[in-house]
Amino acid sequence: MKVIETGIEGLVIIEPDIHGDSRGYFVETYNKERYYNAGIKADFVQDNMSYSTVKNTFRGLHYQRAPYSQAKLVSCSKGKVVDVAVDIRKGSPTYGQYAFCELSRENGRQFFVPKGFAHGFLTLSDEVEFRYKCDELYNKESEGNIAYNDKTINIDWSKFMEGTPILSEKDKNAPSLEDCNANFIYKENC
């Protein structure tokens, strides 16, 4: 397993070892002890999967406010996406900064998104299965979102997005980073 730093504290890309032969492949997608030793100390309590039928579908930028905030270990088991996480911890030296990670069944990568980040992904193919391991249960009252095209964050979608993405009604009406109701405060070395 290889851990790749993104330049934003806590936000890392995982490249699991993939063992393949003429029959197919085997990959260990999670091992609590190995991930803990790699710095991922989340105690996952819920697994989710989303399915998107059409390329250029965007889901996000989503988060859950504290005390129900979620750390996520995300992956793509079918198709291909570009995943993005944005630091929304007030007082963080990387507040408003983001990192991309391309996830697909072929590359087997995972993206660990800590608490205090907004998260989203854009489908780069039709027929996408996207998986999330979360360390907190879903809480509807604490969910929030930020516009994918927020001017302050200024995510460069130019090499991925084809025109206007397909969005849910909730994401079409998402507020800006400045107007969102996130309540994350940066704590050094947490």
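Whatever comes next refers back to the structure up there.
Remember, it's a predicted structure, so these values are computed and weren't measured experimentally.

Student: Explain the overall build of the chain residue by residue, including any values.
Tutor: Helix and strand counts for the chain come out as 2 helices and 13 strands. At 16 Å, the chain has a C-alpha radius of gyration in line with the 16 Å of a compact globule built from 190 residues. For the C-alpha atoms alone, the extent of the chain along its principal axes is close to 50 × 40 × 30 Å. For the chain, the residues scored as buried account for 46% of the 190 residues in total. Contacts in the chain between residues at least 24 apart in sequence constitute 80% of all its contacts with a sequence separation of at least 6. Taken as a whole, the chain presents about 10000 Å² of accessible surface, with 47% of it coming from carbon and sulfur. Averaged over its 24 positive side-chain charges, the chain has a centre that lies 1 Å from the centre of its 28 negative ones.

Student: Explain the pattern of salt bridges to me, using residue names and the numbers behind them.
Tutor: Tallied over the full model, the rule gives 16 salt bridges. Arg34 is the salt-bridge partner of Asp17, the closest N and O atoms lying 4.0 Å from each other. Here Arg34 lies in helix H1 (residues 32-37) and Asp17 lies in the loop between strand E2 (12-15) and strand E3 (18-21), a separation of 17 residues in the sequence. Given a relative accessible area of 40%, Asp17 falls into the partly exposed group. On the basis of relative accessibility, which here comes to 35%, the residue Arg34 falls in the partly exposed class. Residue Glu102 pairs with Lys80 through a salt bridge whose shortest N-O separation is 3.9 Å. One end of the pair, Glu102, is in strand E9 (residues 98-104); the other, Lys80, is in strand E8 (residues 80-87), with 22 residues separating them in the sequence. On the accessibility criterion, Lys80 (33% relative accessible area) is partly exposed. A single network of salt bridges, built from pairs that share partners, joins Asp17, Glu28 and Arg34.

Student: Now, about the pairing of strand E12 (residues 128-134): what can you tell me, with residues and values included?
Tutor: For E12, the buried fraction is high: 5 of the 7 residues fall into the buried class. With 7 bridges joining them, strand E5 (residues 46-52) and E12 adopt antiparallel strand pairing. Counted as the bridge partner of Gln46 is Cys134 from E12.

Student: Describe the side chain of Gln46, and please don't skip the residues or the numbers.
Tutor: Turning to its location among the elements, Gln46 is positioned in strand E5. For Gln46, the side chain forms a polar contact with the side chain of Asn48, separated by 2.9 Å. Setting aside residues no more than four positions away along its own chain, Gln46 makes contact with Tyr132, Lys133, Cys134, Glu136, Leu137 and Tyr138.

Student: Tell me what's going on with the state of the cysteines, and back it up with residues and numbers.
Tutor: Summed over all chains, the structure comprises 0 disulfides. For the unlinked cysteine Cys76, the closest cysteine sulfur is that of Cys101, found at 11 Å. Residue Cys76 is classed as buried on the basis of its relative accessible area of 5%. This cysteine, Cys134, is not joined by any disulfide, and Cys76 carries the nearest cysteine sulfur, 16 Å off.

Definitions and limits used
Residues numbered from 1 in each chain as written. Predicted model: local features only at pLDDT ≥ 70, side-chain atom pairs only at ≥ 80, totals over all residues. Heavy atoms only, no water. Helix = DSSP H or I, 4+ residues; strand = E, 2+ residues; numbered from the N terminus. Rg over C-alpha atoms; globule rule 2.2 N^0.38 Å. Buried < 20%, exposed > 50% of the residue type's maximum accessible area, 1.4 Å probe, protein only. Contact = heavy atoms within 4.5 Å. Areas by Shrake-Rupley, 256 points an atom, 1.4 Å probe, with all protein chains shown as cover. Lys, Arg positive; Asp, Glu negative; His and termini not counted. Charge placed at Lys NZ, Arg CZ, Asp CG, Glu CD. Salt bridge = Lys/Arg side-chain N within 4 Å of Asp/Glu carboxyl O. Pairing = 2+ DSSP bridges. Polar contact = N/O pair within 3.5 Å; in protein donor to acceptor, adjacent residues only side chain to side chain. Disulfide = S-S within 2.5 Å.

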